Amino acid sequence: MKIVIPGGTGQVGAILRRALTAAGHDVVVLTRRPNGESEVPWDGETLGPWAEVIDGSDIVINLAGRSVSCRYTPANLQAMMDSRVNSTRVVGEAIAAAVRPPRLWLQMSTATVYAHRFDAPNDEATGVLGGAERGVPGYWAYSVEIAKAWEREQERAVTPHTRKVALRSAMVMSPDRGGVFDVLLRLARLGLGGPVAGGAQYVSWIHETDFVRAVEFLSDRDDLAGPVNLAAPAPVPQRTFMRALRTAWGMPVGLPATKWMAELGAFAMRSDTELLLKSRRVIPGRLLEAGFVFDHAQWPEAARDLVEQVRGGAFRPK
């Protein structure tokens with residue numbers, strides 16, 4: 001199959017590109033800075049010659065959007081919104097204009113769309129969307145609005161011959177340099193991987209293998225459309241998550257961090273504490289109902305697998 005991946009140069013794009021290419025597919029990446037024969041330039045905002053690669057393709061997987069690994073300043077939040085909405089809009093325009101449109105449009109979204117909660121998990125049918133929680137920083141609501149606008153732009157696209165799926169993805173864990181697992185493992189190795197602000201907040205995650213398998217599963221299931229949660233079925237509290245990671249590495253110590261310490265650490269890493277403090281308790285209701293079986297359903301086993309890859313030299317450059 002011919003698969004086009006707008007914004008496919010980040011961590012998730014690299015994971016998909018490797019796996020899909022290894023499976024024998026023709027993968028084309030749309031990027032602002034092309035480097036190679038299989039990469040095509042685009043600006044993520046306006047139609048151009050790049051749209052020709054979408055015409056006649058089988059699947060489009062749109063991953064474009066400014067990285068969330070930054071300080072959540074007003075300017076950065078606006079850049080996140082604009083980059084996601086504009087790229088989704090223009091991908092929809094390209095599909096709508098295609099003589100031979102792709103049969104499937106997988107649009108990246110995020111599990112952040114769900115509410116910060118501890119009482120119950122969020123699936124697609126009964127989950128509570130965020131934005132109205134009390135006692136959390138006000139800008140967290142804007143992160144939810146970004147996710148909603150992202151999905152709404154795909155919904156608005158008039159693509160009658162193309163099935164549309166929004167991938168509400170949790171953090172994708174892989175041994176890629178600079179990825180979220182790389183950062184968390186580094187903290188654990190330094191003895192800093194303890195509970196943050198008590199560690200009761202839930203962490204949702206998905207192993208890279210299951211992420212790719214879920215994409216392939218959705219590609220084959222013509223009956224699935226709309227939002228789909230891409231997350232392992234067993235989210236765990238942050239303190240449990242980091243304890244399992246420390247155990248997998250063999251680090252007995254994990255120093256705890258208070259909320260203000262997390263703020264200092266996030267500032268030093270040019271990141272934001274929402275990524276650490278928001279409770280993302282997300283489960284893959286639609287995938288499980290459709291019969292998808294996870295290879296890595298439990299975090300302790302997944303952590304061991306990823307650590308074994310790292311110890312075996314599988315850390316991959318971006």
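Just above sits the structure.
(A) Spotlight on the environment of Gly-198. Mapping Gly-198 onto the fold places it in the loop between helix H4 (180-189) and strand E8 (202-203). Under the relative-accessibility criterion, Gly-198 is labelled partly exposed at 47%. Along the sequence, Gly-198 and Leu-277 sit 79 residues apart, while their C-alpha atoms lie 9.7 Å from each other.

(B) Just the sheet that holds strand E1 (residues 2-6), in detail. Spatial strand order, E3-E2-E1-E4-E5-E6-E10: seven strands in an open sheet with parallel pairing. What marks the edges here is a single partner per strand, and that holds for strand E3 (39-41) and strand E10 (226-230). In this sheet, adjacent strand axes meet at a mean angle of 25° when their direction is disregarded. Both E1 and strand E4 (residues 59-62) contribute to a ladder of two bridges, which runs parallel. The partner of Val-4 across the bridge, within E4, is Val-60. Those strands touched by helix H1 (residues 11-22) are E1, strand E2 (26-31), E3, E4 and strand E5 (104-108), and its axis lies near 160° from that of E2. The strands that helix H3 (residues 139-156) touches are E5, strand E6 (163-169) and E10; relative to E6, the one it contacts most, it runs at about 170°.

(C) Focus on the side chain of Asn-62. Topologically, Asn-62 is positioned in strand E4. Look past the residues within four positions of Asn-62 in its chain and what remains in contact with it is Pro-6, Trp-42, Ser-87, Thr-88, Val-91, Trp-105, Leu-106, Gln-107 and Met-108.

(D) Geometry of the nonpolar core. Residues Leu-16, Ile-61, Leu-106, Phe-211, Leu-218, Leu-230 and Leu-287 are the most contacted members of the largest nonpolar core, which totals 32 residues. Going through the elements one at a time, E1, H1, E2, E4, E5, E6, helix H5 (208-220) and E10 are the ones with two or more residues in this core. With six residues, H5 is the single largest residue contributor to this core. In this view, Leu-218 contacts Leu-104, Leu-106, Arg-163, Val-165, Leu-167, Leu-224, Val-228, Leu-230 and Leu-287; residues no more than four positions away in its chain are not counted.

(E) Summary view of the packing of helix H2 (residues 74-97) against H3. Direction vectors running N to C along H2 and H3 enclose 10°, while the axes themselves pass 8 Å from each other. Judged on the interaxial angle alone, H3 and H2 are roughly parallel. The residues of H3 that touch H2, namely those facing Leu-77, Gln-78, Met-80, Met-81, Arg-84, Val-85, Thr-88 and Arg-89, are Tyr-139, Tyr-142, Ser-143, Glu-145, Ile-146, Ala-149, Trp-150, Glu-153 and Gln-154. Grouping the amino acids of the contact of H2 with H3 by side-chain chemistry returns nine nonpolar, four polar and four charged.

(F) Structural detail: the packing of H1 against H5. Packing of H1 against H5 brings their axes to within 10 Å, and their N-to-C directions diverge by 65°. Relative to H5, the element H1 is oriented roughly perpendicular. Handedness of the crossing formed by H1 with H5: right-handed. Between H1 and H5, the residues in contact are Val-12, Ile-15, Leu-16, Arg-18, Ala-19 and Leu-20 and Glu-208, Phe-211, Val-212, Val-215 and Glu-216, respectively. Residues of the contact of H1 with H5, tallied by class, amount to eight nonpolar, no polar and three charged.

(G) Focus on unusual backbone geometry. Here Ala-197, not a glycine, exhibits a phi torsion of approximately 50°, which is positive. Inspection of the secondary structure puts Ala-197 in the loop between H4 and E8. We classify Ala-197 as partly exposed; its relative accessible area is 41%.

(H) Quick look at the environment of Ala-97. Its location among the elements puts Ala-97 in helix H2. Overall, Ala-97 belongs to the exposed group, its relative accessible area being 58%. In this structure, the C-alpha to C-alpha distance between Ala-97 and Ile-54, residues 43 residues apart in sequence, is 9.6 Å.

About the cut-offs
Residues numbered from 1 in each chain as written. Predicted model: local features only at pLDDT ≥ 70, side-chain atom pairs only at ≥ 80, totals over all residues. Heavy atoms only, no water. Helix = DSSP H or I, 4+ residues; strand = E, 2+ residues; numbered from the N terminus. Buried < 20%, exposed > 50% of the residue type's maximum accessible area, 1.4 Å probe, protein only. Pairing = 2+ DSSP bridges. Axes fitted to C-alpha atoms, helices over the stretch in contact; angles between N-to-C directions. Contact = heavy atoms within 4.5 Å. Core = buried A, V, L, I, M, F, W, Y, C linked by side-chain atoms within 4.5 Å. Parallel < 35°, antiparallel > 145°, perpendicular 65-115°, else oblique. Nonpolar A, V, L, I, M, F, W, Y, C, P; charged D, E, K, R; others polar. Left-handed = near helix turned anticlockwise from the far one by under 90°.

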